[in-house]
Amino acid sequence: MVKGLRLWTIGTVALAAAGLVAVAALSPATQYVWGQAPRINIRWFQTYEWILLILSLLFSGLVVFRHRAHSSKGAPQSVSGPANAASPDSDGFLSGPEFWSDWKSTGSRIPLLLSYAMLFCGFFYTGIYYESTYQGFFLQEHDFLNIAAGLSDSVLLRTPYVNTGPTGSFLGHHWSPFLILLRPLFWLSEFLPRANHGIFLLPLFLGACAGQLLWFELARRRLSANYTWLLPMVAFALIAHPGILRLNLSLHFEIFILPLSALSVMLWRRRSYWAALILLFSVKEDVALYCSFVFASLWWWSPQIERIRLRSSFFLATLYFIFAAGIRHFLAGSTGVNWLHYWSEAFQFQGEQLHGLVFLFFSGAWLAFLDRRWLLPILLTMGTHLISRHPWHNSFQSHYVYTTLPMILILLGQVLPYAGLEKENDRRIPEAEAQKRRLSLLPGFSQASMGPGLMSLVLVALCISMLLDRSTPLPFFAAKEPDLTILASIPPGSCVRSSKHISVRLSLSNRPWPIYPIAGNPVSNDTLCFPPPHTYCKNRYLLLESQDTHLLHGCRKDDIRFLAGSEDLSLFEYGDATTGNTDH
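Residues numbered from 1 in each chain as written. Predicted model: local features only at pLDDT ≥ 70, side-chain atom pairs only at ≥ 80, totals over all residues. Heavy atoms only, no water.

(A) Structural context of the state of the cysteines. The tally for this structure, following the rule as stated, stands at one disulfide. The disulfide partner of Cys529 is Cys555, and the gap between their sulfur atoms is 2.0 Å. Between Cys529 and Cys555, the disulfide has an S-S torsion of -75° and is therefore left-handed. Residue Cys529 is located in the loop between strand 2 (511–513) and strand 3 (539–545), and its partner Cys555 is located in the loop between strand 3 and strand 4 (560–565); the two are separated by 26 residues in the primary sequence. In this pair, the class of Cys529 matches that of Cys555, namely buried. (Disulfide = S-S within 2.5 Å. Helix = DSSP H or I, 4+ residues; strand = E, 2+ residues; numbered from the N terminus. Buried < 20%, exposed > 50% of the residue type's maximum accessible area, 1.4 Å probe, protein only.)

(B) Representation of the nonpolar core within the structure. Ranked by internal contacts, the top residues of the largest apolar core, which has 153 residues, are Tyr125, Phe200, Trp215, Phe236, Phe281 and Leu543. Ignoring any residue separated from it by four or fewer positions in sequence, one finds Leu543 in contact with Ile486, Leu487, Val496, Arg497, Ser498, Ser499, Ile502, Leu506, Leu569, Ser570 and Leu571. The next biggest cluster of nonpolar side chains, apart from the first, holds 10 residues, and it includes Leu528, Leu544, Cys555 and Tyr574. (Core = buried A, V, L, I, M, F, W, Y, C linked by side-chain atoms within 4.5 Å. Contact = heavy atoms within 4.5 Å.)

(C) Layout of the packing of aromatic side chains. One pass over the full model with this rule turns up 27 aromatic pairs. Their ring planes at 50° and their centres at 5.3 Å tell us that Phe144 and Phe200 sit as a pair that is tilted. Highlighted residues: Phe144 in helix 4 (residues 144–151) and Phe200 in the loop between helix 5 (183–189) and helix 6 (201–222), separated in sequence by 56 residues. On the basis of relative accessible area, Phe144 is assigned to the buried category, the value being 0%. Residue classification places Phe200 among the buried positions, given a relative accessible area of 0%. With centroids separated by 6.4 Å and ring planes inclined at 50°, the aromatic side chains of Phe186 and Phe200 adopt a geometry described as tilted. In this pair, Phe186 is assigned in helix 5 and Phe200 in the loop between helix 5 and helix 6, connecting sequence segments 14 residues apart. For the pair formed by Phe186 and Phe200, the shared burial category is buried. When the ring centre of Phe359 is taken as reference, the NZ or CZ atom of Arg246 above it lies at 4.0 Å. Sitting over the ring of Tyr134, Arg505 keeps its end group 4.0 Å from the ring centre. (Phe/Tyr/Trp six-rings, centres within 6.5 Å; stacked < 30°, edge-to-face > 60°. Lys NZ or Arg CZ within 6 Å of the ring centre and 35° of its normal.)

(D) The arrangement of the sheet that holds strand 3 in detail. In spatial order, the strands read 2-1-3-5-4; together these five strands make up an open sheet with mixed pairing. Either end of the sheet is taken by a strand with one partner, and the two such strands are strand 2 and strand 4. Averaged over all pairs of adjacent strands, the angle between strand axes in this sheet comes to 30°, irrespective of strand direction. Two elements, strand 4 and strand 5 (residues 569–574), share five bridges in a ladder whose sense is antiparallel. Looking at the pairing, Ile560 lines up with Tyr574 of strand 5. (Pairing = 2+ DSSP bridges. Axes fitted to C-alpha atoms, helices over the stretch in contact; angles between N-to-C directions.)

(E) Looking closely at the pattern of salt bridges. Under the defined criterion, the tally for this structure stands at nine salt bridges. Arg158 is paired through a salt bridge with Asp153; the nearest N and O atoms lie 2.8 Å apart. On the basis of relative accessible area, Asp153 is assigned to the buried category, the value being 14%. With its nearest N and O atoms 2.6 Å apart, the salt bridge here joins Asp371 to Arg373. The pair Asp371 / Arg373 is uniform in exposure class, with both members buried. Within this structure, Asp153, Arg158 and Arg511 form a network of salt bridges that share partners. (Salt bridge = Lys/Arg side-chain N within 4 Å of Asp/Glu carboxyl O.)

(F) Structural view of the side chain of Glu306. For Glu306, the location among the structural elements is in helix 12 (residues 304–332). Among the polar contacts made by the side chain of Glu306, one reaches the side chain of Trp268 at a distance of 2.9 Å. (Polar contact = N/O pair within 3.5 Å; in protein donor to acceptor, adjacent residues only side chain to side chain.)

(G) Here's a closer look at the confidence of the model for the protein chain. Looking at the protein chain as a whole, its pLDDT mean stands at 81, while 81% of the residues score no less than 70. Within the model, pLDDT remains below 50 along residues 75–93, and this stretch shows 70 contacts once partners closer than five positions in the same chain are excluded. Contacts from residues 421–449, a stretch scored under 50 in pLDDT, to residues over four places away or in other chains number 58 contacts. (pLDDT = per-residue confidence, 0-100.)

(H) Just the environment of Gly165, in detail. Relative to the elements of secondary structure, Gly165 occurs in the loop between helix 4 and helix 5. Sequence separation of Gly165 and Gly333 is 168 residues, and the distance between their C-alpha atoms is 5.6 Å.

(I) The pairing of strand 3, seen in detail. The element strand 3 is largely enclosed, with a buried count of six among its seven residues. Here five bridges tie strand 1 (residues 494–498) to strand 3, and the two strands are oriented parallel to one another. The residue of strand 3 that forms the bridge with Val496 is Tyr541. Pairing analysis gives five bridges linking strand 3 to strand 5, with the strands arranged antiparallel. Among the inter-strand pairings, Tyr541 is bridged to a residue of strand 5, identified as Glu573.

Here it is, written out as structure tokens:
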């Protein structure tokens, strides 16, 4: 029975992982018409997710049946999971075995190799999805060019596409100094003859894959050698988790929070932990705030041996957030927006707060009710979203799950049967002390029902959250083939005002410029009739899609000279504009 259950579990999740790629490939391609919402057919994915829910319910039933069969025979119950008092700090994910321990402790290689193959299925799906968004000209709909334009400029990351304040630096829009580390990639790519701003897809893809891989490695190090057959289930949960899919498919720089948060947990007992923590904070200014919630709660509830590092981490997170909010306000100046304004800004968008809360609850936040140390930071982080007037924030749209996702993944990791490796510096905690730090809201979960039993419920809840989430996963985009040969005639060092979909295809030797003014940005506050400033470029061009040529009405003929055209694009060269009030 036990062997059959294990084989059934491994085989089922392996087919489910391959099914993610197969369903995406079989689904009708997403059709995107510029300026309109994409037409997406998700019927195949809905069927796939219902099948996953049925299989997860079947697995949960098999686990309960096996538990009752062992109980009726009087078989001793194996102690597994967070309630294991025989393991040091067993109820704390941060206090698990170190990442660098002997990898042979995970037991059989077959589940491990199969798990890596399943992770590769997730990587393959992500890579093909990225490629399809590029070929389908959908990248700018994800604010992709906002950052790519800054990374191709200079260390200051000047970008003309967002409200930056007087510096023109993206760091005035979001304090994200981690992005500076990506600047060498763009500098090196400039030597490639056909490199364009789509190169930003490469670090995003690597960050997405590294996040899933590192969190899997964390779970693998924690998992008991007797439960290696659960590894494929862990791998599948990571590639199919709707929150991870939301973040990875968002094409936003917050993707890097996933690998850096895992790295910080891995290095918890090492000196290099502080460097990893600073890197995590540097991804976005508000990350340190949510980390301060976590450290404050863990500092209060954790054993004395952990409190010194947790206290230092809390003060570091608090000071960094104050510094980040202050320097961002300084860079933004009076024309930019400060952090509080960004969160309180209201605009027209149909957000659904209740739907976002239910989605996060089933994706793993419900596990916080089993551990009071994580309940407070989860509630505080969600509360920060809910009091916001910004609809993307208060309804947890798209990539905004990054604020809670690392906490949810840690909670999911605590469900795994603990390896219980003894270290010299670990201190055993009596079960009474462990129970004191754990909420007793679900007394029915005994030691015997933790581990596989609780993990089966996690899978059921994850499948429900997948059904609730209609933003991911997605079929691949249909490729478009507009005639872009005209781009080759633009000389290096030029600034090009162009439609947002075409700007991604501009060479890295040229600077993209929006065709519309951006409030609060000093380098793009002119209308289409006026060229970009001479200080930023040698030559100045205007590249318009055919449906945008009507925007030239009101511009002087002498100031914009037609150079070349195709069925899809028209290329103009700017002169020295003097007015924008005469007819073209």
